[in-house]
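Now for the letters of each chain:
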Amino acid sequence: MRPDRRRVLLIGGHESRDGRCLPGLVGPDGPEVRAVGRDLHAALTGRDRIVAVPMTLGRDPELPAVAAQTLRWAARERAPGDLLLAGPLGTTGHLVGWIRGAVTRALRDGPPRQAVLLVAPAAGPEPDAELFRVARLVRQYTSVRWVEVALTDGDPDVDEGVERCLRLGADGVVLVPASFVPVAPRPGVRTAGPLLGPAPLATLIRERVTEAEQRWDRYGDDGLATVHHGHGHGHGNRDGHEHEHGDVHGRGHGHRDERERDHDHEHEHEHEHTDRHRNPSVPVAANLKGAASHVG
């Protein structure tokens, strides 16, 4: 790594099984992957200059906020700008677009009356409910008659989802991942590949890293201060086309998991140090323009 380059950390949450599914997607030469929480904290102990990218496709809107807690804590003893938080990889608006692309590719072959079953790990009432909303938007903006949801380790599970699609009258079912987690194949059921292939995924990561570095260089904004739970970095209009450009994401509050409990001690000691880090008039919204076009 050149001295002027930052180390890139990809922060994994429930959409990637705490990052465990990301190395297979970014490849052996890809950025380092860390789970949010103690694993991320351990990666920040060195003196490297770091930019961290929250690897959410939109159904983990708390991931940037929880990552910011860890980065703020580590930044107290580091020079301003040593640690940067990039914008999330995408919003649920982008997720709808990526799924639409995957559905279009998957349905090129096969019987005409096919159903799409979106599959993702169960994560909790709010992110799971958000997946049902995503499915409704995918159906709205495609010609597919049936777009259903299945939750691995949740309800309905994949077998139940397949059975429901067939009962509804579908002649075939295509399993489409709605997270970074690959879908296990099943006999007699077609399975689509990942939403984002290695090349478009690498491009998106580079874009987020570049945006974070430019935001710091231009505005002195490290991205750590204005991230709040339930509010991502995406922005846009709220019209009928927000699935392509908008800020469509979960807005629930009160969802707690182990990664947040890991940081309760940080809330007790954390203080604002951001006056020397950023211009408070500059928002932390990352520019997600064009991201929906990156479909692997």
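Note that this is a predicted model, so its numbers are computed, not measured.

So, on to the sheet that holds strand β6 (residues 146–152). Strand order in this open sheet of four strands is β6-β5-β7-β8, and the pairing throughout is parallel. At either end of the open sheet lies a strand with only one pairing partner, and these are β6 and β8 (190–191). Pairing of strand β5 (residues 114–121) with strand β7 (residues 172–177) involves six bridges; the strand directions are parallel. Pairing of Leu117 across the sheet is with Leu175, part of β7.

Let us look at the side chain of Asp222. Tracing the backbone through its elements, the reader meets Asp222 in the loop between α7 (198–219) and α8 (242–245). Residue classification places Asp222 among the buried positions, given a relative accessible area of 0%.

Counted under the stated rule, the structure contains 15 salt bridges. Note that Glu32 and Arg7 form a salt bridge whose closest N and O atoms lie 2.6 Å from each other. On the criterion of sequence distance, the pair formed by Glu32 in strand β2 (residues 32–35) and Arg7 in strand β1 (residues 7–12) is long-range, its members being 25 residues apart. Of the residues examined, Glu32 reaches a relative accessible area of 27% and is grouped as partly exposed. Across the salt bridge formed by Glu148 and Arg164, the nearest N and O atoms sit 2.9 Å from each other. Of this pair, Glu148 sits in strand β6 while Arg164 sits in helix α6 (residues 158–167), placing them 16 residues apart in sequence. Beyond isolated ion pairs, a larger network of salt bridges with shared partners links Arg7, Glu32, Arg34, Asp39 and Asp48.

Right, let's get into the pairing of β5. Counted residue by residue, β5 has eight buried out of eight residues, so it is predominantly covered. By the alternation rule, side chains of β5 split into Gln114, Val116, Leu118 and Ala120 and Ala115, Leu117, Val119 and Pro121, which are all buried. Relative to β6, β5 runs parallel, the two sharing seven bridges. The residue of β6 that forms the bridge with Val116 is Val147. On the question of chirality, the crossover connecting β5 to the parallel β6 by way of helix α5 (residues 125–140) is right-handed.

With that settled, the discussion passes to the environment of Gly97. Along the chain, the position of Gly97 falls in helix α4 (residues 92–106). Judged by relative accessible area, Gly97 falls into the buried class, the value being 12%. Gly97 sits 40 residues away from Leu137 along the chain, and the two C-alpha atoms are 9.5 Å apart.

Our next topic: α6. Those residues of α6 not exposed but buried are Val158, Gly161, Val162 and Cys165. In an axial view of α6, the angular spread of the buried residues amounts to 100 degrees, which keeps them on one side of the axis. On the buried face of α6, the contacting elements are β5, β6 and β7. Of the residues trailing α6, Gly169 is marked for its positive phi of about 115 degrees.

This part is about helix α3 (residues 63–75). Its 13 residues place the ends of α3 18 Å apart at the C-alpha level, agreeing with the 18 Å of an ideal helix rising 1.5 Å per residue. The element α3 is extensively covered by neighbouring structure, given that 13 of its 13 residues are classed as buried.

The rules behind each value
- Residues numbered from 1 in each chain as written.
- Predicted model: local features only at pLDDT ≥ 70, side-chain atom pairs only at ≥ 80, totals over all residues.
- Heavy atoms only, no water.
- Pairing = 2+ DSSP bridges.
- Helix = DSSP H or I, 4+ residues; strand = E, 2+ residues; numbered from the N terminus.
- Buried < 20%, exposed > 50% of the residue type's maximum accessible area, 1.4 Å probe, protein only.
- Salt bridge = Lys/Arg side-chain N within 4 Å of Asp/Glu carboxyl O.
- Right-handed = clockwise from strand over helix to strand, strands pointing away.
- Arc of directions from axis to C-beta.
- Contact = heavy atoms within 4.5 Å.
- Expected span 1.5 Å × (residues − 1).

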